[in-house]
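# Report on the structure
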Amino acid sequence: MRAAARAEAFFQDIVARNAGEPEFHQAVSCLFESLVLLLERAPHYADAALIQRLCEPERQVIFRVPWQDDLGAIHVNRGFRVQFNSVLGPYKGGLRFHPRVNLGIVKFLGFEQLFKNALTGLPLGGGKGGADFDPKGKSDAEVMRFCQSFMTELYRHIGPDVDVPAGDVGVGVREIGYMFGQHKRLTNSYASGAITGKGLSWGGSRVRKEATGYGLAYFVSEMLDARDLAFDGCKVIVSGAGNVALHTIEKVHQMGGTVIACSDSSGYIVDEQGIDLEALRTLKEARRRSIHEYATLVPSARYRADGSVWDVPCDIALPCATQNELDETAARTLVKNGVRIVAEGANMPTTPEARRYFRSAGIPFAPGKAANAGGVVTSALEMQQNASRDSWSFEDTDERLATLMRNIHERCIGTAEEYGRPGDYVLGANIAAFKKVADAMIALGII
Ligand code: GLU
């Protein structure tokens, strides 16, 4: 059978046995599009059910999370941990708390994480977890009780050499603190390496909080550099207004670009003067308020509740909000308005149609598994510091992050070149990451 037909047959099988999980199918299909080229040259990767084994998580844990709100009412949420693959190291990946979390979403995130982690070149397996819990509007005490209940089950499945969760959407240092505290009580050990994204005084790493956003900016700076361009004078759009978006804006400004728009679930703001980061931070981090209040704080800004942030003309577009936020219509608008580079800060924020459109229009496009790897890279640096009971300076950690992002960029570019598609970051990332995991799977036998 020809490589394309084989890949299609594998894909149909995966769709059939993972019914009702469209995001997972989408993540698998994106990888398979690139694999066709690899299978033409190296058909042995399709032997021994290797691809089927790679698409089946090693373990999936689903559990009840009961908790009590401040008024005494009892709620039940559903917790997940999908341990996708541990051939390269302990499972590693964040926890997402969001009302729309379900098994298919956790599986897509775990699948992406596996290849993202492989691409870093660090000894990390892949996994992901979370719950359909909405931290929005909850008191600290409610969040604490939820996190404690969540960890009361999760602690059995994790550990520094087993599985190391971290944050993701809806899980920041507050949630990590409550979960780490409960883990410490239940295991009667100060297992720092069992979770990353910790606070600085209790085993965390400098730069971890900033890492995904900074890493994205470093990656884009490599993309620009490869084309003899720079951030100077570039107008940038960063969608979202969470941790990734805030630190992307910060680093892009430091590197000479101007972020002129960002968004949240209520709409978006445009500020041609450049987003005032301190105002945005106060609003989102300190007060946890909606973005429309930004326009009342900063007179040069306008707020829009309708339309899309991608309608705003820019040179660089960085989707940092959530999956499938940038569709083909948005891609067409961006290209028409002269966008020159697109890179994903969130996980799979671009639909397959939009991704293909960027490729056909010749726009350099970096997938999240390469461009947003800075978070997990710095989690690995946190694990190294925990293992050696050390604490590195901000400069040292930041320097390592920048170097590791540069290496990821080189790996993508080099592999894309090798496979005859220069500049195709999606193909480069997918093939480089797949080969790393697949070669280890072959070496470790039928597992
Ligand atoms: N949730 C982040 C990601 O999507 C970070 C994971 C981690 O640090 O383990 O890569």
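Described below are features of the structure shown in this document. The shown structure was predicted, so the numbers you read here are calculated from the model rather than taken from an experiment.

### Some points on the nonpolar core
Counting 104 residues, the largest nonpolar core has Phe32, Leu318 and Phe434 as its most contacted members. Excluding residues that lie within four positions of it along the chain, phenylalanine 32 makes contacts with Ala7, Phe10, Phe11, Ile14, Ile51 and Cys55. Of all hydrophobic cores here, the second largest spans 23 residues; its members include Ala261, Val342, Ile363 and Val426.

### A word on the sheet that holds strand β6 (residues 235-238)
Reading across the sheet, the seven strands line up as β9-β8-β7-β6-β10-β11-β12 and stay open at both edges, with mixed pairing between neighbours. Either end of the sheet is taken by a strand with one partner, and the two such strands are β9 (302-304) and β12 (365-366). Strand direction decides the pairing type here: strand β7 (residues 258-264) and strand β8 (residues 267-270), joined by four bridges, are antiparallel. Following the sheet pairing, alanine 261 is matched in β8 by valine 270.

### So, the site of the ligand
If you check the shell around the ligand, you find 14 residues, and the closest are Lys92, Lys116, Gly167, Asp168 and Ser379. One of the side-chain nitrogen or oxygen atoms of glutamine 113 is found 3.2 Å away from an oxygen atom of the ligand. At 3.0 Å, a side-chain N or O of arginine 208 approaches an oxygen atom of the ligand. Computed on the free molecule, the ligand has an accessible area of 300 Å², of which 94% lies beneath the protein chains in the complex. Broken down by secondary-structure element, the contributors of at least two residues to the shell around the ligand are β3 (91-97), α4 (103-119), β5 (163-167) and α14 (374-387). Within the shell around the ligand, the residues separate by chemical class into two nonpolar, seven polar and five charged.

### Points about empty space enclosed by the protein
Taken as a whole and assessed by the stated rule, the structure comprises two cavities of 30 Å³ or more. Of the pockets and cavities examined, the largest cavity occupies roughly 100 Å³. Residue lining of the largest cavity: 13 residues in total, with Cys30, Glu344, Met348, Thr350 and Arg355 positioned closest to the centre. Elements with a contribution of two residues or more to the lining of the largest cavity: α2 (22-41) and α12 (352-360). It is α2 that provides the largest number of residues to the lining of the largest cavity, a total of three residues. By residue class, the composition of the lining of the largest cavity is six nonpolar, three polar and four charged. Looking at the second largest cavity, its volume works out to about 50 Å³.

### Topic: α4
The first and last C-alpha atoms of α4 sit 24 Å apart over 17 residues, in line with the 24 Å expected at 1.5 Å per residue. Of all 17 residues that make up α4, 16 are buried, and the element is covered over most of its length. The backbone nitrogen of glycine 104 lies 3.1 Å from a side-chain oxygen of the residue at the head of α4, namely asparagine 102.

### Remarks on the sheet that holds strand β2 (residues 74-85)
Taken together, the five strands give an open sheet; going across it, the order is β1-β2-β4-β3-β5, and neighbouring strands pair in mixed fashion. Each edge of the open sheet carries a strand with a single partner, namely β1 (59-68) and β5. Across the sheet, the axes of successive neighbouring strands diverge by a mean angle of 20°, strand direction being ignored. In this structure, β1 lies alongside β2, joined through ten bridges in antiparallel fashion. Across the sheet, residue glutamine 60 finds its bridge partner in β2, namely valine 82. Strands β1, β2, β3, β4 (126-131) and β5 of the sheet are contacted by helix α5 (residues 140-154), whose axis makes an angle of about 145° with β1.

### Let's talk about the pairing of β8
A two-sided burial pattern is seen for β8, the buried positions comprising Gly267 and Ile269 on one face and Tyr268 and Val270 on the other. Hairpin connection, β7 to β8: the antiparallel pair is bridged by two residues. Summarising the sheet, β8 and β9 pair through three bridges and their orientation is antiparallel. Counted as the bridge partner of valine 270 is arginine 302 from β9.

### Let's talk about the pairing of β3
Across the seven residues that make up β3, a large majority, seven, are buried. Strand direction decides the pairing type here: β3 and β5, joined by five bridges, are parallel. Counted as the bridge partner of tyrosine 91 is aspartate 163 from β5. Sheet topology places β3 next to β4; three bridges connect them, and they run parallel. Counterpart to phenylalanine 97 in the pairing with β4 is alanine 131. Crossover β3 to β4 through α4 is right-handed.

### Some thoughts on unusual backbone geometry
At asparagine 188, a position not held by glycine, the phi torsion is positive, near 50°. For asparagine 188, a relative accessible area of 72% gives the class exposed. Here methionine 348, not a glycine, exhibits a phi torsion of approximately 55°, which is positive. You can see methionine 348 is positioned in the loop between β11 (341-343) and α12.

### Overview of the layout of surface pockets
Space inside the second largest pocket adds up to approximately 310 Å³. Along its surface, the second largest pocket is lined by 16 residues, and Pro160, Gly193, Met383, Gln384 and Ala387 are the ones closest to its centre. Partitioned by chemical class, the residues of the lining of the second largest pocket number ten nonpolar, four polar and two charged.

### Describing the side chain of glutamine 113
Within the secondary structure, glutamine 113 is located in helix α4. Among the polar contacts listed, one links the side chain of glutamine 113 to the side chain of lysine 128, at a separation of 3.0 Å. For glutamine 113, the residues in contact, after removing those within four places along its chain, are Lys92, Gly93, Gly94, Gly126, Gly127, Lys128 and Val376.

Rules and cut-offs
- Residues numbered from 1 in each chain as written.
- Predicted model: local features only at pLDDT ≥ 70, side-chain atom pairs only at ≥ 80, totals over all residues.
- Heavy atoms only, no water.
- Core = buried A, V, L, I, M, F, W, Y, C linked by side-chain atoms within 4.5 Å.
- Buried < 20%, exposed > 50% of the residue type's maximum accessible area, 1.4 Å probe, protein only.
- Contact = heavy atoms within 4.5 Å.
- Pairing = 2+ DSSP bridges.
- Helix = DSSP H or I, 4+ residues; strand = E, 2+ residues; numbered from the N terminus.
- Near = heavy atom within 4 Å.
- Polar contact = N/O pair within 3.5 Å; in protein donor to acceptor, adjacent residues only side chain to side chain.
- Areas by Shrake-Rupley, 256 points an atom, 1.4 Å probe, with all protein chains shown as cover.
- Nonpolar A, V, L, I, M, F, W, Y, C, P; charged D, E, K, R; others polar.
- 1 Å grid on protein atoms, 1.4 Å probe; cavity = no way out; pocket = protein on both sides within 12 Å on 5 of 7 lines; lining within 4 Å.
- Points joined across faces, edges and corners; volume = space filled by probe spheres on them.
- Expected span 1.5 Å × (residues − 1).
- Axes fitted to C-alpha atoms, helices over the stretch in contact; angles between N-to-C directions.
- Right-handed = clockwise from strand over helix to strand, strands pointing away.

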